[in-house]
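Architecture at a glance
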Amino acid sequence: MRHLLEIDDLSVAELREIIEIAKRPPGSLDPVLDRQGVACYFEKPSARTRNSTEMAVVQLGGHPVHITPAELGIGTRETAADVTRTLACYHRAICARVFDHHLLEEMAALQVIPIVNLLSDGAHPLQAIADVLTIEAEYGPVEDRTVAYVGDSNNVTRSLALAVGMLGGSIRIASPPGHQFTDVDRDRLAGAGVEPDYLDRPSDAVKGADVVYTDTWISMGEENLRDDKLKAFEGFTVDDKLLAVNPEAVFMHCLPAHRNEEVSDSVLDGPRSRIWPQAANRLHSARAVLYWIAGQNPAAG
Ligand code: CP
Ligand code: NVA
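Residue numbers restart at each chain and count upward from 1, following the sequence in its written direction. Starting at A for chains and at 1 for ligands, labels are handed out in the order in which the entities are written. The model is predicted, so local features are restricted to residues of pLDDT at least 70 and side-chain atom pairs to those at 80 or more, both for listing and for counting; the totals for chains, interfaces and linings are taken over all residues. Side-chain numbers come from the whole structure's heavy atoms, not from hydrogens or water.

Details of the sheet that holds strand S2 (residues 63–67)
- Taken in spatial order, the four strands of this open sheet run S2-S1-S3-S4, and their pairing is parallel. Two strands in the sheet have a free side with no partner beyond their single neighbour: S2 and strand S4 (115–117). Taking the axes of each pair of neighbouring strands and ignoring which way they run, one obtains an average angle of 20 degrees across the sheet.
- In this analysis, strands are considered paired if DSSP registers two or more bridges between them. Numbering of helices and strands starts at the N terminus; helices are DSSP runs of H or I of at least 4 residues and strands are runs of E of at least 2. Bridging between strand S3 (residues 91–97) and S4 involves three bridges; their strand directions are parallel. Among the inter-strand pairings, Cys-95 is bridged to a residue of S4, identified as Val-116. Note on method: axes are straight lines fitted to C-alpha atoms, helices fitted across the in-contact stretch only, with angles between N-to-C directions ranging 0 to 180 degrees.

Quick look at the packing of helix H1 (residues 12–22) against helix H13 (residues 275–296)
- Contact geometry for H1 and H13: axes closest at 8 Å, N-to-C directions at 125 degrees. One way to sum up the angle between H1 and H13 is to call them oblique. In the packing of H1 onto H13, the handedness of the crossing is right-handed. Together, Glu-14, Glu-17, Ile-18, Ile-21 and Ala-22 of H1 and His-284, Ser-285, Arg-287, Ala-288, Val-289, Tyr-291 and Trp-292 of H13 make up the contact between the two elements. Each angle receives one of four descriptions, namely roughly parallel if under 35 degrees, roughly antiparallel if over 145, roughly perpendicular if within 65 to 115, and oblique otherwise. Crossing handedness follows the turn of the near helix against the far one: under a right angle anticlockwise gives a left-handed crossing, and clockwise gives a right-handed one. Only heavy atoms enter the contact rule, under which two residues are in contact if any of them lie within 4.5 Å.

Examining the site of ligand 2
- For this description, a residue counts as near a given molecule or strand if any of its non-hydrogen atoms is within 4 Å of it. Near ligand 2 you find Leu-119, Asn-154, Asn-155, Val-156, Asp-215, Thr-216, Ser-219, Met-220 and Leu-255, and these make up its full shell.
- Interatomic distance of 2.8 Å between a side-chain N/O atom of Asn-155 and an oxygen atom of ligand 2.
- Distance and chemistry together define a polar contact, namely a pair of N or O atoms within 3.5 Å, with one atom able to donate a hydrogen and the other to accept it when in protein, and with adjacent residues in sequence counting only for side-chain atoms on both sides. The contact in question runs from a nitrogen atom of ligand 2 to an N or O atom on the side chain of Ser-219, over 2.7 Å.
- Under the convention used here, a 1.4 Å probe and the Shrake-Rupley method define accessible areas, while residue burial counts only the protein chains that appear. Relative to its unbound accessible area of 270 Å², ligand 2 is 96% covered by the protein chains.
- Of the pockets mapped on this structure, ligand 2 occupies the largest pocket.
- By residue class, the composition of the shell around ligand 2 is four nonpolar, four polar and one charged. Throughout, the protein atoms alone are placed on a 1 Å grid, and a set of points is a cavity if a 1.4 Å probe fits but cannot get out or a pocket if it is open with protein on both sides within 12 Å along at least five of seven lines; lining residues have an atom within 4 Å of a point. Whether a molecule sits in a cavity or pocket is decided by its atoms, more than half of which must lie within 2 Å of the grid points. Note that Gly is not counted as nonpolar here; it falls among the polar residues with everything else outside the nonpolar set of Ala, Val, Leu, Ile, Met, Phe, Trp, Tyr, Cys and Pro and the charged set of Asp, Glu, Lys and Arg.

With respect to the sheet that holds strand S8 (residues 211–214)
- Read from one edge of the open sheet, five strands run S7-S6-S5-S8-S9, paired in parallel fashion. Two strands lie at the open edges of the sheet, namely strand S7 (197–199) and strand S9 (250–253), each paired on one side alone. Along the sheet, successive strands turn relative to each other by an average axial angle of 20 degrees, direction set aside.
- Two elements, strand S5 (residues 146–150) and S8, share three bridges in a ladder whose sense is parallel. The residue bridging Ala-148 from the neighbouring strand is Val-212, located in S8.
- Sheet strands touched by helix H6 (residues 125–139): S5, S8 and S9. Its angle to S9, the strand with the most contacts, is close to 165 degrees.

Description of unusual backbone geometry
- Residue Pro-256 is bonded to the preceding Leu-255 through a cis peptide linkage, with omega at 5 degrees.
- Tracing the backbone through its elements, the reader meets Pro-256 in the loop between S9 and helix H12 (265–268).
- Backbone geometry places Leu-119, a non-glycine residue, at a positive phi of 115 degrees.
- Its location among the elements puts Leu-119 in the loop between S4 and H6.
- Working definition: with a 1.4 Å probe on protein chains only, accessible area under 20% of the residue-type maximum means buried, over 50% means exposed, and in between means partly exposed. Given the relative accessible area of 7%, Leu-119 is considered buried.
- Phi at Asp-144 takes a positive value of approximately 75 degrees, unusual for a residue other than glycine.
- Positionally, Asp-144 belongs in the loop between H6 and S5.

Describing the site of ligand 1
- Around ligand 1 sit Ser-46, Ala-47, Arg-48, Thr-49, Arg-97, His-124, Gln-127, Cys-254, Leu-255, Pro-256 and Arg-282, and those are all the residues in its vicinity.
- One of the backbone N or O atoms of Cys-254 is found 2.9 Å from a nitrogen atom in ligand 1.
- In isolation ligand 1 has 260 Å² of accessible area, and contact with the protein removes 97% of it.
- Its atoms largely coinciding with the cavity grid, ligand 1 occupies the largest pocket.
- Split into classes, the residues belonging to the shell around ligand 1 amount to four nonpolar, four polar and three charged.

Observations regarding helix H5 (residues 101–109)
- Taken together, the buried positions of H5 are His-101, Leu-103, Leu-104, Met-107 and Ala-108. The buried residues of H5 occupy an angular sector of 155 degrees when the element is viewed end-on, so they sit on one face. Residues of H5 that are exposed and point more than 90 degrees away from the buried face comprise His-102 and Ala-109.
- Buried residues in H5 make contact with strand S1 (37–42), helix H4 (80–88), S3 and S4.
- Looking at where H5 begins, the residue whose side-chain oxygen comes 2.9 Å from the main-chain nitrogen of His-102 is Asp-100.
- Phi for Gln-111, located one or two positions after H5, is positive at around 60 degrees. Note that the arc is defined by the directions from the helix axis to the C-beta atoms.

Set out below in structure tokens:
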């Protein structure tokens, strides 16, 4: 059984296959989820991920069921294993957005239903696939392109670095001390053949890059760290002054943006911003992943 918890669950060829499926018109794909359910479990809020995943399920002929923690009571009403086995009775896949990545691993280890990560503290793979689609729409193949990520080294950064790096692109990451990737993160990337340039200064990352990418400094669940993080990230805002060191690069952000914290309004809403095509690509990413997962895990009977 195949799952998608992080980009490096895929081989390079499989990642490329999913990207190419995502570029196909929805009508050209077989409705592989015909009359089947997909459980969409959300422990955190979502605009893009919930809507793109549900619509992707619909486009593939299936029925998404939105589920909240209050209903399932994982760990209080029932164990994670019992919930997973229950949902496997009705659904073709579980797509889940969770606080703790280990919960996804626990569900996947049961091998009773494919698990797709819709964002955890560790990773955001469907976002990274949409990001590659956005970069390739702009420039063609991502290999030989350079993405400069400026800000918090987080779930989005991990998946982005893996996707861009595995496909042969270059990635630079500029984060302040205390908010950079750990050795464990760096080893995991290196294990996938991805060796980012780790930089301290945003302008060093941005110079000569094709894409400048940032994400919030305060991820969901980190609100208690807000004051400390705002101090730590001083000087890391992607604003007109930073973009001026590179007159060519486009700007990307997974959204939601904390306007005028990690990015200025002028950059988000400016001519170099690609945030809306990027958001639109979440639908193509979700559809491609579900189509691929269905193909890897044929329906029983
Ligand atoms: N980028 C992203 O995952 O957005 P949502 O949190 O709105 O789903
Ligand atoms: N790093 C952010 C991404 C939101 C899509 C978070 O985890 O909240």
